[in-house]
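Descriptive structure summary
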Amino acid sequence: MEKMNITHKIVAMQPELEHFAYKLTADRESANDLVQDCLLKALDNKEKFVHTQNFKGWMYTIMRNIFINNYRKSLREVDMTDSTYNLYAQTMTEGEEGNRFETIYDLKELYKVINAVPEDLKKPFMMFVAGFKYREIAEKMDLPVGTIKSRLFLIRKRLQQDLKDFS
């Protein structure tokens, strides 16, 4: 009977969790995913809940920890994307096939231009290329969304100018 009661309490927390998840993610889709992950984690671990503790605090802690773990995972993916690109560019450079020369040259030039960009422009660009949304980039860099859009516009413009001779 007690386990059934806690299951109902967990499911009844969904509206409050949705509100908290939206505060964390600022994106409805990401918030819904976070709520689902939190509910599943809580249901899987309901036997670990000590009834003398604060139930809402327990649920919010689960959600916060999932959010932090997802954030750390996304940072590792950005780093992995960058290092994967470096390995790809190096492999292409080491290739000796004649018909790859133009591709190699373009990749080298693109990489050179991107690396020449100031870090405050390069970081949001690399995150955007990795699939982050404007809001996510803004939150992770602690900047307004308008600033991120402006920086992405500036780097696109710069890439167009610097690479116009290579197209």
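Residues numbered from 1 in each chain as written. Predicted model: local features only at pLDDT ≥ 70, side-chain atom pairs only at ≥ 80, totals over all residues. Heavy atoms only, no water.

With that out of the way, let us pick up the overall build of the protein. The secondary structure content of the protein amounts to eight helices and zero strands. In sequence order, the protein lays out its α and β elements as α-α-α-α-α-α-α-α. Put simply, the protein has 167 residues, and 30% of those count as buried. The long-range fraction of contacts in the protein, counting pairs at least 24 apart against all pairs at least 6 apart in sequence, stands at 60%. When the accessible area of the protein is evaluated, it comes to approximately 11300 Å², of which 54% is carbon and sulfur surface. (Helix = DSSP H or I, 4+ residues; strand = E, 2+ residues; numbered from the N terminus. Buried < 20%, exposed > 50% of the residue type's maximum accessible area, 1.4 Å probe, protein only. Contact = heavy atoms within 4.5 Å. Areas by Shrake-Rupley, 256 points an atom, 1.4 Å probe, with all protein chains shown as cover.)

Fine structural detail should not be taken from predicted coordinates in areas where pLDDT scores are low. Looking at the protein, the pLDDT average stands at 77 and 74% of residues meet or exceed 70. Mean pLDDT across the secondary structure elements of the protein bottoms out at helix 5 (residues 101-116), with 63, and peaks at helix 3 (residues 28-44), with 91. Overall, residues 91-105 carries pLDDT values under 50, and its contacts beyond four positions in sequence, including any with other chains, amount to eight contacts. (pLDDT = per-residue confidence, 0-100.)

We now examine helix 6 (residues 119-129). All of the buried residues in helix 6 are L121, K122, P124, F125 and M127. Once helix 6 ends, the next one or two residues include G131, with phi positive near 110 degrees.

Moving on, we come to the side chain of E136. Along the chain, the position of E136 falls in helix 7 (residues 134-141). A distance of 2.8 Å separates the side chain of E136 from the backbone nitrogen of K133, its partner in a polar contact. The residues contacting E136, other than those within four sequence positions of it, are S30 and G131. (Polar contact = N/O pair within 3.5 Å; in protein donor to acceptor, adjacent residues only side chain to side chain.)

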